[in-house]
Amino acid sequence: MWDSSMTALIVQGTFETLYMTLASTLLAYLIGLPMGVLLVTSDSEGIVPMKVLNQVLNIVVNITRSIPFLILLIAVIPLTRLITGTTIGSTATIVPLVIAAAPFIARLVESSIKEVDYGIIEASLSMGSSPMQVVTKVMIPEAKPSLIIGAAIATTTILGYSAMAGIVGGGGLGDIAIRFGYYRYETGMMVITVVLLVLIVQLFQEVGMKIAQKQDRRK
Amino acid sequence: MVRCINLLEKPTSGSVFIDGQDISKITEKELRTVRYSVGMIFQQFNLLMQRTAEKNILFPLEIAGVDKETAKKRTAELLELVGLPDKAKAYPAQLSGGQKQRIAIARALANNPKILLCDEATSALDPSTTNSILKLLKEINLKLGITIVIITHEMSVVEQICSHVAIIDKSRIAEDGEVEDIFRNPKTEIAKKMIFSEGDQGPVAMGKNTYRIVFDEKSSSDSVIAKMILETKCLVNILHADMKNIDGFAFGQMVIQLPEDELSAARAVNYLRSHQITVEEVGIHVG
């Protein structure tokens, strides 16, 4: 039962998983990073308090975060079709992944930025920084190590979600695991995909931690 | 308190004037420009931890949009001024408290401010580092002609480098004026408390006929008390004595107890007064 076509399948699955994970992470950050920053700055204690915006953001984030991914995956199918023209395959999976990951990333970013000592922000305000300068020159650079660790966590979480997408034909290693391991009882295939997923998670986590440590000038 | 001066904290009422301009009435954008010319240093230094010392000094220049060449030159000058040219590439975490405050001072001076605000700038430092930072501030004040506003609870800081002082008690200015005058002759309770409790326990036992006498730059070099005892034959009990150096002038105060015998006590007081020395009867407790 083991032949070269199986190997090809696994290699393809691995690439699909990496593609889904990295593309989704990147797109989710494009949305989540500004959201996270706004959550901090618009807070009543923030540098530009905006009560309504802050409340709306918090509600949106909390609602999206509380929907189980599997339900979200199915619920956004019409939107997925609208954007990608299809509902199966790894590109289609990116849509629900981004929707699920962006609010999660917003929370990660929010907590990273909140770690920055307010004294430093106050000092930069005392030097005449505009709110935008505070964000780009103080908040994000000062929170960099923590943001990188957050990114590693986000990537591995998205990787986990992407495997779940296999249930609706989302492609990638999760898809293979479900099709062969679950539906056909091919335990060997299941083990291989799981081991690969574990290795990829380890890799992202390790690389993320190493970069964060190297970037941290606080010690 | 000091945050009100550059409106980091908006006062609930009243106005803030800098160079005749009411900065509580201008726009955010104009306020930022005003802030370029008001440097500020903090108790906790508040340096950017992810930037080197050099990049920290560069920061306000980046904010103000100074071109790179000029900014680089200015940074080198400032590192020289605060005496840390060899620490340019060090991160704040690698510097000592005193060095961090020096970098913070350099950073605050980057945009050639007219005013430097110090918010308890030496409170987190040990006494000898405090001294060296105060010396640096004084040098900056004299050399660059920058007005320095210091908020502190340490009267020794005021004594060492200030020319004017305002003592604030329960959110109101209790007393203000030249440091020399206030230290010589504090009028309000709070000022007395702050000045006399400085560094020691103050006079402990206070009986009847206790007087506080204050010397100025002339009388402090004269052995007035010894002469008074010889001339008036009045026995004096010294309860407390303290000499300070304020702005280069010797200044001292002493608490003495005179004999119960009112006549000889009055003689002693008169003798001192005739030698231009401030004498006042003290209540039960000053310290």
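Since the model is a prediction, treat every value here as computed from it, not as a measurement.

Caption draft 1: Main features of the overall build of chain B. In terms of helices and strands, chain B carries 10 helices and 11 strands. The buried share among the 287 residues of chain B stands at 33%.

Caption draft 2: Structural view of the overall build of chain A. A count of helical and extended segments in chain A gives 10 helices and zero strands. If you list the helices and strands of chain A from N to C, you get α-α-α-α-α-α-α-α-α-α. Its C-alpha atoms give chain A principal-axis dimensions of about 70 × 40 × 25 Å. Out of the 219 residues belonging to chain A, those deemed buried represent 43%. Taking all contacts inside chain A whose residues are at least 6 apart in sequence as the whole, residues at least 24 apart take part in 69%.

Caption draft 3: Structural view of helix 5 (residues 90-114) of chain A. Residues and elements named next belong to chain A. The end-to-end C-alpha separation of helix 5 is 35 Å, in line with the 36 Å expected for 25 residues at 1.5 Å each. Along helix 5, the sharpest change in direction is near 30° and occurs at leucine 97. For helix 5, the buried fraction is high: 21 of the 25 residues fall into the buried class.

Caption draft 4: Molecular detail of the pairing of strand 8 (residues 210-215) of chain B. Residues and elements named next belong to chain B. The element strand 8 is extensively covered by neighbouring structure, given that five of its six residues are classed as buried. In this structure, strand 8 lies alongside strand 11 (residues 278-281), joined through four bridges in antiparallel fashion. Its bridge partner lying in strand 11, arginine 212 is registered against glutamate 280.

Caption draft 5: Structural context of unusual backbone geometry. Residues and elements named next belong to chain B. Phi is positive for aspartate 19, close to 55°, though the residue is something other than glycine. At serine 171, a position not held by glycine, the phi torsion is positive, near 60°. Structurally, serine 171 can be placed in the loop between strand 6 (164-169) and strand 7 (172-178). C-beta crowding within 10 Å serves as the criterion here: with 6 such atoms nearby, serine 171 is assigned to the exposed category.

Caption draft 6: Representation of helix 7 (residues 131-142) of chain A within the structure. All names here are of chain A. Every buried residue of helix 7 is listed here: Val134, Val135, Val138, Met139 and Glu142. Angular distribution of buried residues about the axis of helix 7 spans 130°; they occupy a single face of the element. Where helix 7 is buried, its residues touch helix 1 (4-41), helix 5 and helix 6 (118-126).

Caption draft 7: Representation of the interface of chain A and chain B. Listed as interface residues are 19 residues of chain A and, on the opposing side, 19 residues of chain B. Listed by contribution, the elements that provide at least two residues to the side of chain A that touches chain B are helix 6 and helix 7 of chain A. For the side of chain A that touches chain B, the leading source of residues is helix 6 of chain A, giving six residues. Its residues assigned to classes, the side of chain A that touches chain B comprises six nonpolar, six polar and seven charged.

Caption draft 8: Main features of the domain arrangement of chain B. Parsing chain B into structural domains produces domain 1 (2-152) and domain 2 (210-281). Taking the mean C-alpha position of each, domain 1 of chain B and domain 2 of chain B sit 44 Å from one another.

Caption draft 9: Quick look at the sheet that holds strand 4 (residues 115-119) of chain B. All names here are of chain B. Sheet architecture is open: three strands sit in the order 3-4-5, paired in parallel fashion. The open sheet is flanked by strand 3 (38-41) and strand 5 (147-151), the only strands paired with a single partner. In this sheet, neighbouring strand axes are inclined to one another by 15° on average, regardless of whether the strands run parallel or antiparallel. Summarising the sheet, strand 4 and strand 5 pair through five bridges and their orientation is parallel. By the bridge assignment for strand 5, aspartate 119 is matched with isoleucine 151.

Caption draft 10: Quick look at the confidence of the model for chain A. On average, chain A scores 93 in pLDDT, and the residues at 70 or more come to 99%. Per-element confidence in chain A ranges from a low mean pLDDT of 87 for helix 9 (residues 172-183) of chain A to a high of 97 for helix 7 of chain A.

Caption draft 11: Seen up close, the environment of alanine 177 of chain A. Mapped onto the elements, alanine 177 of chain A comes out in helix 9. Between the C-alpha atoms of alanine 177 of chain A and isoleucine 167 of chain A, which are 10 residues apart in sequence, the distance is 9.7 Å.

Caption draft 12: Representation of the pairing of strand 7 of chain B in the model. Residues and elements named next belong to chain B. In this structure, strand 6 lies alongside strand 7, joined through six bridges in antiparallel fashion. Following the sheet pairing, aspartate 169 is matched in strand 7 by arginine 172. Count of turn residues in the strand 6/strand 7 antiparallel hairpin: two residues, of which lysine 170 carries a positive phi of about 50°.

Caption draft 13: Layout of the environment of valine 40 of chain A. Residues and elements named next belong to chain A. Take valine 40: it is sitting in helix 1. Take valine 40: there are 23 C-beta atoms within 10 Å of it, and that puts it in the buried class. Along the primary structure valine 40 and serine 111 are separated by 71 residues, whereas in three dimensions their C-alpha atoms are 8.5 Å apart.

Caption draft 14: The nonpolar core, seen in detail. Ranked by size, the top nonpolar core spans 119 residues in total, and within it Ala101 and Ile105 of chain A together with Ile57 and Ala106 of chain B carry the most contacts. Counting residues per element, this core draws most heavily on helix 5 of chain A, at 15 residues. Counting residues domain by domain, this core receives three or more from each of domain 1 (2-152) and domain 2 (210-281) of chain B. Not counting residues up to four positions away in its chain, the partners in contact with alanine 106 of chain B are Ile57, Leu78, Leu79, Leu81 and Val82 of chain B.

Caption draft 15: Examining the confidence of the model for chain B more closely. Residues and elements named next belong to chain B. Taken residue by residue, chain B gives an average pLDDT of 86. The fraction at 70 or more is 90%. This model gives residues 199-204 a pLDDT under 50, and the stretch forms 12 contacts once residues within four places in sequence are excluded. Reported for the predicted complex are a pTM of 0.81 and an ipTM of 0.86.

Caption draft 16: Up close: the packing of helix 8 (residues 144-164) of chain A against helix 10 (residues 187-215) of chain A. Residue and element names in this part refer to chain A. In contact at an axis separation of 8 Å, helix 8 and helix 10 are set at 170° when each is read in the N-to-C sense. Judged by the inter-axis angle, helix 8 sits roughly antiparallel to helix 10. Here helix 8 contributes Lys144, Pro145, Ile148, Ile149, Ala151, Ala152, Thr155, Thr156, Leu159 and Ala163 to the contact with helix 10, which in turn contributes Leu197, Ile200, Val201, Phe204, Gln205, Gly208, Met209, Ile211, Ala212 and Gln215. For the contact of helix 8 with helix 10, the class distribution of residues is 14 nonpolar, five polar and one charged.

So, how was this worked out
Residues numbered from 1 in each chain as written. Chains lettered and ligands numbered in written order. Predicted model: local features only at pLDDT ≥ 70, side-chain atom pairs only at ≥ 80, totals over all residues. Helix = DSSP H or I, 4+ residues; strand = E, 2+ residues; numbered from the N terminus. Buried ≥ 20, exposed ≤ 12 C-beta atoms within 10 Å, placed from the backbone. Contact = placed C-beta atoms within 7 Å. Expected span 1.5 Å × (residues − 1). Bend = angle between axes of the 7 residues up to and from the residue. Pairing = 2+ DSSP bridges. Arc of directions from axis to C-beta. Nonpolar A, V, L, I, M, F, W, Y, C, P; charged D, E, K, R; others polar. Domains from an automatic or database assignment. Axes fitted to C-alpha atoms, helices over the stretch in contact; angles between N-to-C directions. pLDDT = per-residue confidence, 0-100. Core = buried A, V, L, I, M, F, W, Y, C linked by C-beta atoms within 7 Å. Parallel < 35°, antiparallel > 145°, perpendicular 65-115°, else oblique.

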